[in-house]
Amino acid sequence: MRLVPEKPDVHVPRLVGLMAVDARETARAWGLSLYASDRPDVRLAVVDHVVRQFPQPGARVPRESTVYVWFDFGEGEGGGGIREPRVPRPPLGGLRRELAEPDAEPGGTPPGPAPHCAVLSSP
C-alpha cells in the first residue's frame with residue numbers, strides 16, 4: 001500500500017515585484033499563506049510591492065505553509081543606491097573632453113571649423 005502525504009509539497013512562487021493583493025492571490029492559489037512583519041494585517045495592504053520573500057522562489061514546502069514577505073527595505077538595506085560623490089573624480093578626458101566647449105579648457109581645440117570634416121550620406 002502506498003502512503004500519500006496529507007499535505008503534498010508545492011513550489012514557492014515568485015512574489016517579489018507583485019503588488020500585495022496579487023501576491024496574496026498567487027500564494028492562495030498555490031495553497032500558501034502570507035505573513036508580513038512590517039504590515040500587521042497583510043489583508044489591508046493593497047498596492048504595496050513585495051521587495052523580499054522567504055522561502056525563495058522555487059523552494060519546495062508543504063502545502064498550507066507560510067511565506068514571509070516584506071514590502072519595504074529594512075534599515076540599512078538601501079534600495080536607493082549610493083548618494084555620495086565619487087572621490088576621486090574620474091580622470092579628465094574622454095567624454096568630458098569631447099563635450100567641453102573649445103575655449104572652456106586650456107589645451108582645447110581653438111574655435112573655428114573642425115580640422116577634418118567628413119560628410120556621410122545614405123543612398
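1. Points about a nonpolar patch on the surface
Taken together, the side chains of Tyr35, Phe54 and Tyr68 present a nonpolar region at the surface, about 330 Å² in accessible area. One can find Phe54 in strand S3 (residues 52–54).

2. Looking at the pattern of salt bridges
Across all of its chains, the model carries one salt bridge by this definition. Between Arg28 and Glu25 there is a salt bridge, with the nearest N and O atoms lying 2.8 Å from each other. In this pair, Arg28 and Glu25 both sit in helix H1 (residues 20–29), three residues apart, roughly one turn of the helix. Given a relative accessible area of 57%, Arg28 falls into the exposed group.

3. Here's the deal with the environment of Val61
In this structure, Val61 sits in strand S4 (residues 60–62). What makes Val61 buried here is its relative accessible area of 12%. Leaving out residues up to four positions away in the same chain, Val61 has contacts with Pro8, Asp9, Val10, Val12, Leu32 and Pro55.

4. Points about unusual backbone geometry
A cis amide bond links Phe54 to the next residue, Pro55, at an omega of 0°. On the secondary structure map, Pro55 appears in the loop between S3 and S4. Even without glycine at this site, Glu64 takes up a positive phi of about 75°. Within the secondary structure, Glu64 is located in the loop between S4 and strand S5 (66–70). Since its relative accessible area comes to 57%, Glu64 is described here as exposed.

5. Describing the confidence of the model for the chain
Confidence in the prediction for the chain averages 75 pLDDT; 55% of positions are at 70 or higher. Within the chain, helix H2 (residues 94–99) has the poorest average pLDDT of any element, 59, and S4 the best, 94.

6. Examining the sheet that holds S3
Strand order in the open sheet made by the three strands is S2-S5-S3, with mixed pairing throughout. Sheet topology places strand S2 (33–35) and S3 at the edges, where each strand pairs with a single neighbour. Put simply, the sheet's adjacent strands are angled 30° from each other on average, direction ignored. Where S3 meets S5, three bridges bridge the pair, whose relative direction is antiparallel.

Here is what the cut-offs are and how they apply
Residues numbered from 1 in each chain as written. Predicted model: local features only at pLDDT ≥ 70, side-chain atom pairs only at ≥ 80, totals over all residues. Heavy atoms only, no water. Patch = residues over 30% accessible without salt bridge, like charges linked within 9 Å, V, L, I, M, F, W, Y side chains within 5 Å. Areas by Shrake-Rupley, 256 points an atom, 1.4 Å probe, with all protein chains shown as cover. Salt bridge = Lys/Arg side-chain N within 4 Å of Asp/Glu carboxyl O. Helix = DSSP H or I, 4+ residues; strand = E, 2+ residues; numbered from the N terminus. Buried < 20%, exposed > 50% of the residue type's maximum accessible area, 1.4 Å probe, protein only. Contact = heavy atoms within 4.5 Å. pLDDT = per-residue confidence, 0-100. Pairing = 2+ DSSP bridges. Axes fitted to C-alpha atoms, helices over the stretch in contact; angles between N-to-C directions.

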